[in-house]
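Each chain is listed here by its residues.
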Amino acid sequence: MKSEEVELHLRERLLRGEFTPGSRLPEVKLATELGVTRNAVRSALLALESRKLVERIPNVGTVVARVDPERLEEIYDVLEVLEGLAARLAAQNAAEGDWAELRELFAPGPLDEAATSGDLETFLRAIDAYRDTVIRLAGQRFLAETLAGVQDQAHLLRRRILMTPGRMEESLAEHRAVIDALVAGDGERAEQLKRLNMQTARKRLRRYRDFLV
């Protein structure tokens, strides 16, 4: 396993929330567990530090990054504006038929079951599919690059918020409304509804702050 593969493996585990924020990530232990060299683990952790998923603390070592409430608010300030803009541009630029797969994915059925049963992984895959489709159809490279810069932090934040009571059902209804606006080519309404989706998530963030951070 190369350092890039170690990085991908650890990144996926971090994004799934397998490690508690603040917990140590000992290089020797991870190297033994993964059957790789300590240098491979060190290189992977350095890459993950640049993604703000881990941090190095003097005399302690590498630990899973904690996100303070103020930074969470800053992230949502950025995400609300940029994801709203992405929705507007995508609605304006998309061709007929571009939304077919997303409409099918969010149609009544499996996602309702996932939301009701608390199947977070299935639900997150659908949200990621929405996000990837909208960013691609927005056709704005700088916007895509900017959102990619906070992608991992946004994913972790989204995961935590979706775990709060009733949020998956609420989010599903909100995304269906956004998709209806996208299909109709109504960029202004798509942006408005996506920003509303982010605003209700922010309310959850504030309400369940102690749980989320």
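See the structure above.
What counts as what
Residues numbered from 1 in each chain as written. Predicted model: local features only at pLDDT ≥ 70, side-chain atom pairs only at ≥ 80, totals over all residues. Heavy atoms only, no water. Helix = DSSP H or I, 4+ residues; strand = E, 2+ residues; numbered from the N terminus. Rg over C-alpha atoms; globule rule 2.2 N^0.38 Å. Contact = heavy atoms within 4.5 Å. Areas by Shrake-Rupley, 256 points an atom, 1.4 Å probe, with all protein chains shown as cover. Lys, Arg positive; Asp, Glu negative; His and termini not counted. Charge placed at Lys NZ, Arg CZ, Asp CG, Glu CD. Pairing = 2+ DSSP bridges. Core = buried A, V, L, I, M, F, W, Y, C linked by side-chain atoms within 4.5 Å. Buried < 20%, exposed > 50% of the residue type's maximum accessible area, 1.4 Å probe, protein only.

Draft legend 1. Region of the structure containing the overall build of the protein chain. The secondary structure content of the protein chain amounts to 12 helices and two strands. When the helices and strands of the protein chain are placed in sequence order, the string is α-α-α-β-β-α-α-α-α-α-α-α-α-α. Relative to the 2.2 N^0.38 estimate, which gives 17 Å for 213 residues, the radius of gyration of the protein chain is 19 Å and therefore close to what a compact globule would have. For the protein chain, restricting intrachain contacts to residue pairs at least 6 apart in sequence, the fraction spanning at least 24 positions comes to 74%. For the protein chain, the accessible surface area stands at approximately 11400 Å², while carbon and sulfur atoms represent 50% of it. In the protein chain, the 33 positive side-chain charges and the 36 negative ones have mean positions that sit 5 Å from each other.

Draft legend 2. Layout of the pairing of strand 2 (residues 61-64). Direction of pairing for strand 1 (residues 54-57) relative to strand 2: antiparallel, over a ladder of four bridges. Bridging from a neighbouring strand, Arg56 pairs with Thr62 of strand 2.

Draft legend 3. Quick look at the side chain of Arg158. Mapped onto the secondary structure, Arg158 falls in helix 9 (residues 151-162). Leave out the neighbours within four places in its chain, and Arg158 touches Glu83, Leu124, Ile127, Asp128 and Arg131.

Draft legend 4. Region of interest: the nonpolar core. Membership of the largest hydrophobic core comes to 44 residues, with the highest contact counts inside it found for Phe106, Phe123, Tyr130 and Leu182. Looking at this core, the elements with two or more residues in it are helix 4 (69-93), helix 6 (110-117), helix 7 (120-138), helix 8 (141-149), helix 9, helix 10 (167-183) and helix 11 (187-207). Judged by nonpolar contacts, the second largest core, of 19 residues, contains Leu10, Ala31, Leu34 and Val36.

Draft legend 5. The arrangement of unusual backbone geometry in detail. Notably, Lys52 is not glycine yet its phi reads approximately 70 degrees, a positive angle. Along the polypeptide, Lys52 turns up in the loop between helix 3 (38-50) and strand 1. By relative accessible area, which is 47% here, Lys52 ends up partly exposed. Within the chain, Asn59 stands out as a residue other than glycine whose phi angle is a positive 65 degrees. Topologically, Asn59 is positioned in the loop between strand 1 and strand 2. The exposed category is assigned to Asn59, whose relative accessible area is 86%.

Draft legend 6. Examining the environment of Gly97 more closely. One can find Gly97 in the loop between helix 4 and helix 5 (100-105). On the accessibility criterion, Gly97 (56% relative accessible area) is exposed. Note: C-alpha distance between Gly97 and Val183 (86 residues apart in sequence) is 8.7 Å.

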